[in-house]
Amino acid sequence: MAVRRLNENIVNQIAAGEVIERPASVVRELLDNAIDSGASRIEIITANGGKSLIRVTDNGSGMDADDLALAVERHCTSKLTDDLSAIETLGFRGEALPSIGSVARLSIKSRVAYSASGHEIRVEGGHITPAKPAALSGGTIVEVSDLFFATPARLKFLKTDRAEANAVTDVIKRAALGHPHIHFAISGADRMAVDYPAVSGSDNNDTLATKRMEQVLGRDFIDNAMAIDAEREGVQLHGLASLPTYNRNNTLHQFFTVNGRPVRDKQITGAVRGAYMDFLSRFHHPVLCLALKIDPSLVDINVHPAKSEVRFRDAGMVRGLIVGALRQAIAQAGARASSHGGRDMLNAFRTDNRNDIPQPVQTGAQPALNGQAHVIERPRDWEQSPYRPLDQGAPVAGFSETPQAAFEVADIPSGDARGLHYDNSDNQHHKLGAARAQVHENYIVAQTNDGLVIVDQHAAHERLVYEKLKAQLASNTISGQMLLIPDIVEMPEEDVNNLLEHAEGLAEFGLVLESFGPGAVAVRETPAILGQVDCKALLKDLCDEIAEWGSADLVSNKIDAVASRVACHGSIRSGRRLLPQEMDQLLRDMEATPNSGQCNHGRPTFVELKLNDIERLFGRR
């Protein structure tokens, strides 16, 4: 078969298949161009999830007629010299606009500051219309309509309008988090308008980034997050990461930027997973927003046309920086649980069986006060309230005088009853307070200076035992169990080479491997704590982990999992009654033990209620 040169339009459509996967891909490319142009405000409008319309408007530096003509040709860019090792802009490949124009209807209007007028150029299905004058005050407007009209088969692979609109929103969120100094505005017929005003001022960059995180991720995340600030060998890591008790069921709420570029990188995701390994099950993931600043020459961003993946020259150092910073932050958080536990409890009190509580009644149209509707409450008749005191002597079970007498002689086996002669008032000044009672043989109620704390005794003691076991494992080399006859495991040669590269690290955890020819590994020792081990299955899992994450943490994970199970079975069980002294000692141990705010599975060990919230429940505030 003869070799022939493909025409330019087919080449662009092939490139579009790599670069433009869905409407969100178009938005990502256009945002990169707008940000690189120095824009301080970017507006995005979509329709039908971006399938029918995507319009991106910015107030950046703009382009003249000659630049517009080159911008829609492949491999034409203003952002790159002849050096690929030091890329400091978001875009650099020169493929986005011609790729978009080959599969959609593309219109670009732009004007530079010194030009007398703006210019417009159009591309439809790869056919370019020469630039012509257009009315424009400044900046650039890029409009993409009828996406994939030139390649209709691609439309079948798109999701619903709502799903595509959500994907576009996610792209904009990630760009906004990486550039807090830019104002992002999103609107369209397929969505509610969202506005992320630029954050600026005399504050430092970390404070500005936190303000933008609050805009995008909400105040709830800020209240339940730990500050991350670390540096190693010139690489800086900043941002916020959630407490282990504040988690999600997927990784969609994890945001990473490398030198301001939003990325979704397996190396970084694997490092986060390793850092939270002791605190979350594999079905739960933390919420975080991390920014990595690194010398551009030490990271390769030209590994995928979508530019969402990166390769670090020293991946091990970057992984160690992320894992170390996150673990240090979790340890410093100490006995701190997420705030939503107490809030959820308050909401449960407020909503449970309260549908018949009298509500304020609006008696008619009233003048608006400061833009708010003015509501007038009718006087409440307490005699008609379902929560009024019961009549004296009423033949109903309740808290009236006669029925209450039955409780006066009862033996109450509570923490209070067993601690009548035990004075722990001084403990009230501690963070977790002084134990006052044990309810349902599992929950400790403690009083603090400004509220109360409810502790799950089993979950709390489970974490305490687990931390002791980890400390013992860290202080002593994990013993290996020598096999009487080495177990020979056959596997592909590349898997053998990967395992042997990590053999030294695996030996520290009691797994001793040796080469047994080009296609086999001899297992001489296994970690004693794991008991009987299926060596073939273990090595297969290790190979899969090394291939996916570039690390061999599976053995240490398994050892930690065993320690976690031992801690679970060796901790105070639910149903065991504790003496007041035992309850207080548990609280003091929690305060002195790192990570005691959550159990080994990511559940909170205690919930705190402030006195102000309790008083509001009873109408005292």
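So, how was this worked out
Residues numbered from 1 in each chain as written. Predicted model: local features only at pLDDT ≥ 70, side-chain atom pairs only at ≥ 80, totals over all residues. Heavy atoms only, no water. Helix = DSSP H or I, 4+ residues; strand = E, 2+ residues; numbered from the N terminus. Buried < 20%, exposed > 50% of the residue type's maximum accessible area, 1.4 Å probe, protein only. Contact = heavy atoms within 4.5 Å. Areas by Shrake-Rupley, 256 points an atom, 1.4 Å probe, with all protein chains shown as cover. pLDDT = per-residue confidence, 0-100. Polar contact = N/O pair within 3.5 Å; in protein donor to acceptor, adjacent residues only side chain to side chain. Phe/Tyr/Trp six-rings, centres within 6.5 Å; stacked < 30°, edge-to-face > 60°. Lys NZ or Arg CZ within 6 Å of the ring centre and 35° of its normal. Pairing = 2+ DSSP bridges. Axes fitted to C-alpha atoms, helices over the stretch in contact; angles between N-to-C directions. Salt bridge = Lys/Arg side-chain N within 4 Å of Asp/Glu carboxyl O. Parallel < 35°, antiparallel > 145°, perpendicular 65-115°, else oblique. Left-handed = near helix turned anticlockwise from the far one by under 90°. Nonpolar A, V, L, I, M, F, W, Y, C, P; charged D, E, K, R; others polar. Core = buried A, V, L, I, M, F, W, Y, C linked by side-chain atoms within 4.5 Å.

**Q** Give a detailed account of the overall build of the protein chain, specifying residues and quantitative values.
**A** Counting its secondary structure elements, the protein chain contains 19 helices and 24 strands. Within the protein chain, buried positions represent 43% of all 621 residues. Residue pairs in contact within the protein chain that sit at least 24 positions apart in sequence constitute 67% of those at least 6 positions apart. Per element, the accessible surface of the protein chain, about 32,900 Å² overall, is 51% carbon and sulfur.

**Q** Break down the confidence of the model for the protein chain for me, with residues and values.
**A** Scored by pLDDT, the protein chain has a mean of 79; 77% of the residues are at 70 or more. In the model, residues 351-380 has pLDDT below 50 throughout and makes 22 contacts with residues more than four positions away in sequence or in other chains.

**Q** Can you explain the side chain of E120? Please cite residues and give values.
**A** Turning to its location among the elements, E120 is positioned in strand β4 (residues 118-124). For E120, a relative accessible area of 7% gives the class buried. A distance of 2.9 Å separates polar atoms of two side chains, one belonging to E120 and the other to S107. Of note is the side chain of E120, whose polar atom sits 3.0 Å from the side chain of R122. Leaving out residues up to four positions away in the same chain, E120 has contacts with L68, S107, I108, K109, P130, A131, K132 and A134.

**Q** Could you give an account of the environment of S99, naming the residues involved and the relevant values?
**A** For S99, the location among the structural elements is in helix α4 (residues 96-103). Sequence separation between S99 and V19 is 80 residues, and the spatial gap between their C-alpha atoms is 7.4 Å. Separated by 2.6 Å, the side chain of S99 and the backbone oxygen of E95 make a polar contact.

**Q** I'd love a proper account of the packing of aromatic side chains, names of residues and values included.
**A** As enumerated under the stated definition, the model contains 0 aromatic pairs in all. A cation over a ring is seen here: R105 above F149, with NZ or CZ 3.9 Å from the ring centre. Directly above the ring of Y246 sits R248, whose terminal nitrogen or CZ lies 4.8 Å from the centroid.

**Q** Give a detailed account of the sheet that holds strand β20 (residues 451-456), specifying residues and quantitative values.
**A** With respect to topology, 4 strands assemble into an open sheet ordered β18-β19-β20-β24, the strand pairing being antiparallel. The two strands at the open ends of the sheet, each matched to only one other strand, are β18 (434-439) and β24 (606-610). Here the average twist between neighbouring strands, direction ignored, is 20 degrees. Where β18 lies against strand β19 (residues 443-448), 5 bridges are found, and the strand directions are antiparallel. Counterpart to A437 in the pairing with β19 is V445.

**Q** Can you break down the pattern of salt bridges residue by residue, with the values?
**A** Counting across every chain of the model gives 24 salt bridges. Residues R311 and E309 are paired through a salt bridge, measuring 3.7 Å at the closest nitrogen-oxygen approach. A salt bridge links E441 to R577; the shortest N-O distance between them is 3.5 Å. Residue E441 is found in the loop between β18 and β19, and its partner R577 is found in the loop between α17 (554-569) and α18 (580-592); the two are separated by 136 residues along the sequence. Here E441 falls in the partly exposed class, since its relative accessible area comes to 26%. Of the residues examined, R577 reaches a relative accessible area of 46% and is grouped as partly exposed. The network of salt bridges with common partners includes R105, E124 and D146.

**Q** Now, about the pairing of strand β23 (residues 520-527): what can you tell me, with residues and values included?
**A** Within β23, 6 of the 8 residues are buried, which leaves it mostly tucked inside the rest of the structure. Here 7 bridges tie strand β21 (residues 480-490) to β23, and the two strands are oriented antiparallel to one another. Looking across to β23, one finds that V489 is bridged to V521. Bridging between strand β22 (residues 512-515) and β23 involves 4 bridges; their strand directions are antiparallel. Note on β23: the bridge partner recorded for L513 is V523. Hairpin geometry of β22 and β23 is characterised by an intervening segment of 4 residues between the two adjacent antiparallel strands and by a positive phi of about 95 degrees at G517.

**Q** Which residues make up the packing of helix α2 (residues 23-36) against helix α5 (residues 161-178), and what are the values?
**A** Packing of α2 against α5 leaves a shortest axis separation of 8 Å and a crossing angle of 25 degrees. One element, α2, and the other, α5, form an angle in the roughly parallel class. Here the hand of the crossing between α2 and α5 comes out right-handed. Packed against α2, whose contacting residues are P23, A24, V27, R28, L31 and I35, the element α5 presents E164, A167, V168, V171, I172 and A175 at the interface. Taken together, the residues of the contact of α2 with α5 break down into 10 nonpolar, no polar and 2 charged.

**Q** Tell me about the sheet that holds strand β13 (residues 261-263), and please be specific about residues and values.
**A** Strand order in the open sheet formed by 5 strands is β9-β10-β15-β12-β13, with mixed pairing between adjacent strands. Two strands bound the open sheet, and with one partner strand each, they are β9 (225-232) and β13. Strand-to-strand, the axes of this sheet are offset by a mean angle of 20 degrees, without reference to chain direction. Sitting on the sheet, α5 is in contact with β12 (254-258), β13 and β15 (288-293), with an inclination near 50 degrees to β12. Along the sheet, helix α9 (residues 315-333) makes contact with β9, β10 (235-242) and β15, crossing β9 at roughly 140 degrees.

**Q** Explain the nonpolar core residue by residue, including any values.
**A** Counting 53 residues, the largest nonpolar core has L30, L31, I42, V144, F184 and F221 as its most contacted members. Residues in contact with F184, not counting those within four places in the same chain, are L31, I35, I42, I44, I172, A175, A176, H179, V194, D195, Y196 and R212. Core analysis: the second largest hydrophobic core is formed by 37 residues, I228, A275, I301 and V318 among them.

**Q** Give a description of the packing of α5 against helix α6 (residues 205-217) that names residues and reports values.
**A** Interhelical geometry of α5 versus α6 gives an angle of 165 degrees and a closest axis separation of 9 Å. The angle between α5 and α6 falls in the class roughly antiparallel. As α5 packs across α6, the resulting crossing turns out to be right-handed. On α6, the residues that touch K173, A176 and L177 of α5 are R212, M213 and V216. Considering only residue class, the contact of α5 with α6 consists of 4 nonpolar, no polar and 2 charged.

**Q** With reference to specific residues and values, describe unusual backbone geometry.
**A** Residue D146 is not a glycine yet carries a positive backbone phi of 50 degrees. Assignment of secondary structure puts D146 in the loop between β6 (139-145) and α5. Here E441, not a glycine, exhibits a phi torsion of approximately 55 degrees, which is positive.

**Q** Talk me through the environment of F509; I want residue IDs and the actual numbers.
**A** Relative to the helices and strands, F509 resides in the loop between α15 (503-507) and β22. Classification of F509 as partly exposed rests on a relative accessible area of 27%. In the structure, F509 is positioned 18 residues away from P527 in sequence and 6.4 Å away in space, judged by C-alpha atoms.

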